[in-house]
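# Descriptive analysis of the structure
Chain residues, written in single-letter form:
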Amino acid sequence: MSKTVEITSKTMLTDEQFHKIADFIQTNVGIKMPDQKKIMVQSRLYSRLKELKIDNFDEYIDYAFQKNAQGDEEIALMINVITTNLTSFFRENQHFEYMTASALPEIAKEFDKLEVWSAACSSGEEPYTLSIVIQEFMRTHSGAFKDFSVLASDISSRMLDKAVNAVYPMDEVESLSFDLKKRYFLRSKDQSNPLVRLKKTTREKVVFQRLNFMDDDYPISTMKNIIFCRNALIYFDKPTQEAVIRKLIKHLVPGGYLFLGHSETIFGMDLPLKTVGPTIFKKVQ
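Below, the structure is looked at part by part. Keep in mind it's a predicted model, so treat the numbers as computed, not measured. (Residues numbered from 1 in each chain as written. Predicted model: local features only at pLDDT ≥ 70, side-chain atom pairs only at ≥ 80, totals over all residues. Heavy atoms only, no water.)

## Side note on the sheet that holds strand 1 (residues 113-118)
Spatial ordering of the open sheet is given by 6-2-1-7-8-10-9, a layout of seven strands whose pairing is mixed. Of all strands in the sheet, those bounded by a partner on one side alone are strand 6 (206-210) and strand 9 (273-277). Strand-to-strand twist in this sheet, taken as the mean axis angle between neighbours without regard to direction, amounts to 20°. Bridge analysis of strand 8 (residues 252-260) against strand 10 (residues 280-283) gives three bridges, and the strand direction is antiparallel. Residue Leu-258 lies in a different strand from strand 10, and its bridge partner there is Phe-281. Against the sheet, helix 6 (residues 125-140) engages strand 1, strand 2 (147-154), strand 6 and strand 7 (224-229), with an angle of about 170° to strand 2. (Pairing = 2+ DSSP bridges. Helix = DSSP H or I, 4+ residues; strand = E, 2+ residues; numbered from the N terminus. Axes fitted to C-alpha atoms, helices over the stretch in contact; angles between N-to-C directions. Contact = heavy atoms within 4.5 Å.)

## Quick notes on the pairing of strand 9
Where a strand is regular, its side chains alternate between the two sheet faces. Taken together, the four bridges between strand 9 and strand 10 define a ladder with antiparallel strand orientation. The partner of Lys-274 across the bridge, within strand 10, is Lys-282. Remark: two residues form the turn of the hairpin made by strand 9 and strand 10, two consecutive strands paired antiparallel; Thr-279 in that turn has positive phi of roughly 55°.

## Considerations on the side chain of Thr-129
Relative to the helices and strands, Thr-129 resides in helix 6. For Thr-129, a relative accessible area of 0% gives the class buried. Contacts of Thr-129, omitting those with residues within four sequence positions, involve Phe-89, Phe-90 and Phe-96. (Buried < 20%, exposed > 50% of the residue type's maximum accessible area, 1.4 Å probe, protein only.)

## Notes on the nonpolar core
Core analysis: the biggest nonpolar cluster contains 46 residues, and Ile-21, Leu-45, Met-78, Trp-117, Phe-213, Ile-245 and Leu-258 have the highest contact counts within it. Contributions of two or more residues to this core are made by helix 1 (15-29), helix 2 (38-52), helix 3 (57-64), helix 4 (69-82), strand 7, helix 10 (238-249) and strand 8. Per-element tally for this core: the top contributor is helix 4, with five residues. If near-sequence neighbours (up to four positions away) are discounted, Trp-117 is found in contact with Leu-151, Ser-153, Leu-211, Tyr-218, Ile-220, Lys-224, Ile-226, Ile-227, Phe-228, Leu-248 and His-251. (Core = buried A, V, L, I, M, F, W, Y, C linked by side-chain atoms within 4.5 Å.)

## Regarding unusual backbone geometry
Backbone geometry places Glu-92, a non-glycine residue, at a positive phi of 50°. With respect to the helices, strands and loops of the structure, Glu-92 is situated in the loop between helix 4 and helix 5 (94-108).

## What about helix 2?
Here helix 2 is 15 residues long and its end C-alpha atoms lie 21 Å apart, about the 21 Å a rise of 1.5 Å per residue gives. Its axis deflected by about 25° at Leu-45, helix 2 carries its strongest bend there. Lys-38, Val-41, Gln-42, Leu-45, Tyr-46, Arg-48 and Leu-49 are the residues of helix 2 that are buried. Once helix 2 ends, the next one or two residues include Lys-53, with phi positive near 60°. (Expected span 1.5 Å × (residues − 1). Bend = angle between axes of the 7 residues up to and from the residue.)

## Digging into helix 3
Taken residue by residue, helix 3 has Phe-57, Tyr-60, Ile-61 and Ala-64 as its buried positions. One face of helix 3 carries all of its buried residues, which in axial projection span an arc of 100°. (Arc of directions from axis to C-beta.)

## Things to note about the environment of Glu-264
The topology assignment puts Glu-264 in the loop between strand 8 and strand 9. Assessed through its relative accessible area of 6%, Glu-264 is described here as buried. Distance from Glu-264 to Arg-48, taken between C-alpha atoms, is 32 Å for residues 216 residues apart in sequence. Here Leu-233 takes part through its backbone nitrogen, which lies 2.9 Å from a polar atom of the side chain of Glu-264. Among the polar contacts made by the side chain of Glu-264, one reaches the main-chain amide nitrogen of Gly-261 at a distance of 2.5 Å. (Polar contact = N/O pair within 3.5 Å; in protein donor to acceptor, adjacent residues only side chain to side chain.)

## Comments concerning the pattern of salt bridges
Under the definition given, this model contains 11 salt bridges. The salt bridge involving Glu-115 is made with Lys-224; its shortest N-O contact spans 3.5 Å. Taken together, the residues Glu-115 in strand 1 and Lys-224 in strand 7 connect sequence positions 109 residues apart. Note on accessibility: Glu-115 and Lys-224 belong to one class, buried. Asp-217 serves as the salt-bridge partner of Lys-250, at 3.3 Å between the closest nitrogen and oxygen. (Salt bridge = Lys/Arg side-chain N within 4 Å of Asp/Glu carboxyl O.)

## Some words on the packing of aromatic side chains
This structure, assessed with the given rule, holds 15 aromatic pairs. The interplanar angle of 65° and the centroid separation of 5.6 Å between the aromatic rings of Phe-90 and Phe-96 together place this pair among those described as edge-to-face. Just as Phe-90 is buried, Phe-96 falls in that class too. One aromatic cluster in this structure is built from Phe-90, Phe-96, Tyr-98, Phe-228, Tyr-257 and Phe-259. A cation over an aromatic ring shows up here: Lys-205 above the ring of Phe-148, its NZ or CZ 5.3 Å from the ring centre. (Phe/Tyr/Trp six-rings, centres within 6.5 Å; stacked < 30°, edge-to-face > 60°. Lys NZ or Arg CZ within 6 Å of the ring centre and 35° of its normal.)

Right, dumping it as C-alpha coordinates:
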(Lines give C-alpha, C1' and ligand atoms only; values in the text may rest on other atoms or scores of the structure.)
Protein backbone atom coordinates (compact mmCIF):
# COMPACT_ATOMS: atom_id res chain seq x y z
CA MET A 1 0.00 0.00 0.00
CA SER A 2 1.18 3.52 -0.72
CA LYS A 3 2.00 5.70 2.24
CA THR A 4 -0.32 8.65 2.90
CA VAL A 5 0.19 11.76 4.99
CA GLU A 6 -2.59 13.14 7.16
CA ILE A 7 -2.69 16.47 8.97
CA THR A 8 -1.77 15.65 12.56
CA SER A 9 0.30 17.30 15.27
CA LYS A 10 3.35 15.84 13.50
CA THR A 11 2.53 17.65 10.26
CA MET A 12 1.74 20.99 11.88
CA LEU A 13 4.31 23.69 11.09
CA THR A 14 6.03 24.91 14.27
CA ASP A 15 7.18 28.51 14.71
CA GLU A 16 10.82 27.40 14.46
CA GLN A 17 10.19 25.49 11.23
CA PHE A 18 8.21 28.39 9.77
CA HIS A 19 11.01 30.87 10.55
CA LYS A 20 13.59 28.62 8.87
CA ILE A 21 11.49 28.57 5.71
CA ALA A 22 10.52 32.26 5.93
CA ASP A 23 14.13 33.39 6.41
CA PHE A 24 15.23 31.31 3.44
CA ILE A 25 12.45 32.67 1.20
CA GLN A 26 13.18 36.29 2.12
CA THR A 27 16.96 35.88 1.67
CA ASN A 28 16.76 34.05 -1.64
CA VAL A 29 13.53 35.32 -3.23
CA GLY A 30 13.00 38.64 -1.45
CA ILE A 31 9.44 37.86 -0.38
CA LYS A 32 8.55 38.76 3.20
CA MET A 33 6.84 36.05 5.21
CA PRO A 34 5.44 37.62 8.41
CA ASP A 35 4.16 35.36 11.18
CA GLN A 36 0.56 35.72 10.01
CA LYS A 37 1.53 33.81 6.84
CA LYS A 38 2.39 30.67 8.83
CA ILE A 39 -0.97 28.91 8.29
CA MET A 40 -0.89 29.74 4.57
CA VAL A 41 2.64 28.32 4.24
CA GLN A 42 1.66 25.21 6.19
CA SER A 43 -1.38 24.65 4.01
CA ARG A 44 0.47 25.12 0.73
CA LEU A 45 3.53 23.05 1.66
CA TYR A 46 1.35 20.23 2.94
CA SER A 47 0.84 19.27 -0.70
CA ARG A 48 4.61 18.79 -1.02
CA LEU A 49 4.68 16.51 2.04
CA LYS A 50 1.91 14.41 0.52
CA GLU A 51 3.67 14.25 -2.84
CA LEU A 52 6.97 13.21 -1.26
CA LYS A 53 5.37 10.86 1.32
CA ILE A 54 7.16 12.78 4.08
CA ASP A 55 5.78 12.64 7.64
CA ASN A 56 6.77 16.01 9.09
CA PHE A 57 8.21 19.43 8.33
CA ASP A 58 11.60 18.74 9.95
CA GLU A 59 12.12 15.93 7.48
CA TYR A 60 10.85 18.14 4.64
CA ILE A 61 13.20 21.03 5.54
CA ASP A 62 16.17 18.62 5.63
CA TYR A 63 15.11 17.31 2.21
CA ALA A 64 14.61 20.74 0.63
CA PHE A 65 17.74 22.38 2.03
CA GLN A 66 20.17 19.61 1.07
CA LYS A 67 23.03 20.93 -1.06
CA ASN A 68 22.47 18.93 -4.22
CA ALA A 69 20.37 18.89 -7.40
CA GLN A 70 17.47 17.18 -5.62
CA GLY A 71 17.40 19.94 -3.01
CA ASP A 72 17.63 22.65 -5.66
CA GLU A 73 14.69 21.14 -7.51
CA GLU A 74 12.61 21.01 -4.32
CA ILE A 75 13.43 24.64 -3.49
CA ALA A 76 12.06 25.65 -6.91
CA LEU A 77 8.90 23.63 -6.22
CA MET A 78 8.61 25.19 -2.74
CA ILE A 79 8.78 28.69 -4.25
CA ASN A 80 6.20 27.73 -6.86
CA VAL A 81 3.79 26.55 -4.18
CA ILE A 82 4.30 29.43 -1.74
CA THR A 83 4.31 32.43 -4.06
CA THR A 84 0.87 33.89 -4.71
CA ASN A 85 -0.15 34.33 -8.32
CA LEU A 86 -3.16 36.49 -9.13
CA THR A 87 -3.70 37.94 -12.57
CA SER A 88 -6.28 38.39 -15.31
CA PHE A 89 -6.61 39.76 -18.83
CA PHE A 90 -6.65 43.59 -18.94
CA ARG A 91 -6.18 43.81 -15.16
CA GLU A 92 -5.94 47.46 -14.05
CA ASN A 93 -7.09 48.46 -17.53
CA GLN A 94 -6.24 52.16 -17.09
CA HIS A 95 -2.60 51.23 -17.73
CA PHE A 96 -3.42 49.72 -21.10
CA GLU A 97 -5.58 52.71 -21.95
CA TYR A 98 -2.65 55.01 -21.13
CA MET A 99 -0.38 52.89 -23.31
CA THR A 100 -2.69 53.22 -26.28
CA ALA A 101 -3.45 56.92 -25.85
CA SER A 102 -0.05 58.28 -24.79
CA ALA A 103 2.92 55.92 -24.50
CA LEU A 104 2.70 54.03 -27.79
CA PRO A 105 2.12 57.10 -30.04
CA GLU A 106 5.12 58.80 -28.44
CA ILE A 107 7.40 55.75 -28.71
CA ALA A 108 6.33 55.13 -32.33
CA LYS A 109 7.77 58.53 -33.33
CA GLU A 110 11.28 57.37 -32.39
CA PHE A 111 11.38 53.55 -32.59
CA ASP A 112 10.58 51.14 -35.42
CA LYS A 113 10.60 48.12 -33.11
CA LEU A 114 8.83 48.14 -29.76
CA GLU A 115 10.40 46.20 -26.87
CA VAL A 116 8.19 45.50 -23.84
CA TRP A 117 8.87 43.53 -20.65
CA SER A 118 6.27 41.98 -18.32
CA ALA A 119 8.55 41.49 -15.32
CA ALA A 120 6.26 39.44 -13.10
CA CYS A 121 4.13 37.67 -15.66
CA SER A 122 2.62 34.91 -13.50
CA SER A 123 0.41 32.67 -15.68
CA GLY A 124 0.69 34.87 -18.76
CA GLU A 125 -2.44 37.00 -18.89
CA GLU A 126 -0.50 40.27 -18.62
CA PRO A 127 2.05 39.68 -21.42
CA TYR A 128 -0.64 38.33 -23.72
CA THR A 129 -2.76 41.40 -22.95
CA LEU A 130 0.25 43.54 -23.88
CA SER A 131 0.58 41.63 -27.16
CA ILE A 132 -3.10 42.23 -27.90
CA VAL A 133 -2.93 45.94 -27.01
CA ILE A 134 0.10 46.47 -29.24
CA GLN A 135 -1.47 44.57 -32.15
CA GLU A 136 -4.65 46.62 -31.77
CA PHE A 137 -2.59 49.82 -31.82
CA MET A 138 -0.67 48.73 -34.94
CA ARG A 139 -3.95 47.71 -36.60
CA THR A 140 -5.45 51.16 -36.10
CA HIS A 141 -2.25 53.21 -36.62
CA SER A 142 -0.87 52.38 -40.04
CA GLY A 143 2.93 52.38 -40.14
CA ALA A 144 3.38 52.38 -36.35
CA PHE A 145 6.17 49.92 -35.51
CA LYS A 146 7.54 47.43 -38.00
CA ASP A 147 7.74 44.81 -35.28
CA PHE A 148 7.41 44.27 -31.53
CA SER A 149 8.43 41.79 -28.86
CA VAL A 150 7.17 41.08 -25.34
CA LEU A 151 9.54 39.51 -22.81
CA ALA A 152 7.69 37.80 -19.95
CA SER A 153 9.57 36.72 -16.85
CA ASP A 154 8.64 35.14 -13.54
CA ILE A 155 10.33 33.23 -10.73
CA SER A 156 7.76 30.43 -10.81
CA SER A 157 8.50 27.70 -13.35
CA ARG A 158 5.01 26.29 -12.72
CA MET A 159 3.43 29.59 -13.76
CA LEU A 160 5.74 29.90 -16.78
CA ASP A 161 4.71 26.43 -17.98
CA LYS A 162 1.07 27.48 -17.78
CA ALA A 163 1.82 30.77 -19.54
CA VAL A 164 3.62 29.10 -22.44
CA ASN A 165 0.64 26.77 -22.91
CA ALA A 166 -1.64 29.85 -23.18
CA VAL A 167 -4.83 27.95 -22.34
CA TYR A 168 -7.34 29.58 -19.98
CA PRO A 169 -10.88 29.00 -18.70
CA MET A 170 -13.53 30.57 -20.88
CA ASP A 171 -14.79 32.79 -18.06
CA GLU A 172 -11.45 34.67 -18.01
CA VAL A 173 -12.33 36.32 -21.32
CA GLU A 174 -16.09 36.75 -20.89
CA SER A 175 -15.73 40.46 -20.14
CA LEU A 176 -13.76 41.12 -23.35
CA SER A 177 -15.50 42.44 -26.44
CA PHE A 178 -16.69 40.03 -29.12
CA ASP A 179 -14.19 41.54 -31.59
CA LEU A 180 -11.19 40.98 -29.28
CA LYS A 181 -12.21 37.40 -28.58
CA LYS A 182 -12.68 36.71 -32.28
CA ARG A 183 -9.36 38.28 -33.30
CA TYR A 184 -7.11 36.85 -30.60
CA PHE A 185 -8.60 33.68 -29.07
CA LEU A 186 -9.46 30.16 -30.20
CA ARG A 187 -12.35 28.40 -28.48
CA SER A 188 -12.28 24.75 -27.49
CA LYS A 189 -14.94 22.42 -28.85
CA ASP A 190 -15.32 20.62 -25.51
CA GLN A 191 -18.56 22.00 -24.07
CA SER A 192 -18.01 20.19 -20.76
CA ASN A 193 -14.72 22.03 -20.17
CA PRO A 194 -14.90 25.37 -22.01
CA LEU A 195 -11.41 26.75 -22.62
CA VAL A 196 -9.75 29.34 -24.84
CA ARG A 197 -6.23 29.56 -26.24
CA LEU A 198 -4.39 32.59 -27.57
CA LYS A 199 -3.91 32.48 -31.33
CA LYS A 200 -0.41 31.75 -32.58
CA THR A 201 0.08 35.30 -33.94
CA THR A 202 -0.33 36.61 -30.39
CA ARG A 203 1.58 33.81 -28.62
CA GLU A 204 4.63 33.99 -30.87
CA LYS A 205 5.30 37.62 -29.94
CA VAL A 206 5.82 36.67 -26.28
CA VAL A 207 9.08 35.10 -25.07
CA PHE A 208 9.16 33.58 -21.57
CA GLN A 209 12.14 33.50 -19.24
CA ARG A 210 12.63 32.49 -15.59
CA LEU A 211 14.05 35.36 -13.53
CA ASN A 212 14.59 35.95 -9.81
CA PHE A 213 14.35 39.61 -8.74
CA MET A 214 16.96 38.88 -6.07
CA ASP A 215 19.69 38.11 -8.62
CA ASP A 216 22.47 40.69 -8.75
CA ASP A 217 21.94 41.29 -12.47
CA TYR A 218 19.14 40.45 -14.85
CA PRO A 219 20.17 38.62 -18.06
CA ILE A 220 18.19 40.86 -20.40
CA SER A 221 19.79 41.35 -23.81
CA THR A 222 17.78 44.27 -25.22
CA MET A 223 16.73 47.66 -23.88
CA LYS A 224 13.00 48.04 -23.29
CA ASN A 225 10.62 50.88 -24.14
CA ILE A 226 8.05 49.75 -21.56
CA ILE A 227 8.35 47.66 -18.40
CA PHE A 228 5.37 46.33 -16.45
CA CYS A 229 6.15 45.20 -12.90
CA ARG A 230 2.80 45.17 -11.19
CA ASN A 231 1.74 43.76 -7.83
CA ALA A 232 5.02 41.93 -7.21
CA LEU A 233 6.94 44.54 -5.22
CA ILE A 234 4.28 44.61 -2.48
CA TYR A 235 5.85 41.42 -1.08
CA PHE A 236 9.24 43.14 -0.56
CA ASP A 237 10.47 45.60 2.04
CA LYS A 238 11.17 49.15 0.85
CA PRO A 239 14.98 48.82 0.37
CA THR A 240 14.43 45.67 -1.69
CA GLN A 241 11.72 47.39 -3.73
CA GLU A 242 14.09 50.23 -4.59
CA ALA A 243 16.91 47.82 -5.45
CA VAL A 244 14.65 45.79 -7.75
CA ILE A 245 13.32 48.88 -9.54
CA ARG A 246 16.86 50.17 -10.00
CA LYS A 247 17.87 46.88 -11.63
CA LEU A 248 14.74 46.87 -13.80
CA ILE A 249 15.22 50.37 -15.18
CA LYS A 250 18.83 49.61 -16.14
CA HIS A 251 17.10 47.87 -19.05
CA LEU A 252 14.72 50.77 -19.80
CA VAL A 253 15.60 53.29 -22.49
CA PRO A 254 15.72 56.98 -21.47
CA GLY A 255 12.16 58.25 -21.80
CA GLY A 256 10.82 54.70 -21.40
CA TYR A 257 7.84 53.85 -19.20
CA LEU A 258 7.57 51.84 -15.98
CA PHE A 259 4.14 50.64 -14.84
CA LEU A 260 3.71 49.50 -11.22
CA GLY A 261 0.70 48.00 -9.43
CA HIS A 262 -2.09 50.16 -8.05
CA SER A 263 -0.84 49.86 -4.45
CA GLU A 264 2.87 50.34 -5.24
CA THR A 265 4.85 53.58 -5.07
CA ILE A 266 8.34 55.01 -5.55
CA PHE A 267 7.73 57.69 -2.91
CA GLY A 268 10.89 58.30 -0.90
CA MET A 269 13.11 56.44 -3.38
CA ASP A 270 16.07 58.03 -5.14
CA LEU A 271 15.36 56.88 -8.69
CA PRO A 272 15.67 58.54 -12.13
CA LEU A 273 11.90 58.42 -12.65
CA LYS A 274 9.15 60.99 -12.87
CA THR A 275 5.44 60.36 -12.35
CA VAL A 276 3.28 60.78 -15.45
CA GLY A 277 0.12 59.05 -14.23
CA PRO A 278 -1.20 56.93 -11.37
CA THR A 279 1.58 54.33 -10.80
CA ILE A 280 3.01 55.21 -14.23
CA PHE A 281 6.56 56.53 -14.39
CA LYS A 282 8.94 57.75 -17.09
CA LYS A 283 12.69 57.32 -17.01
CA VAL A 284 14.41 60.69 -16.91
CA GLN A 285 16.65 61.36 -19.90
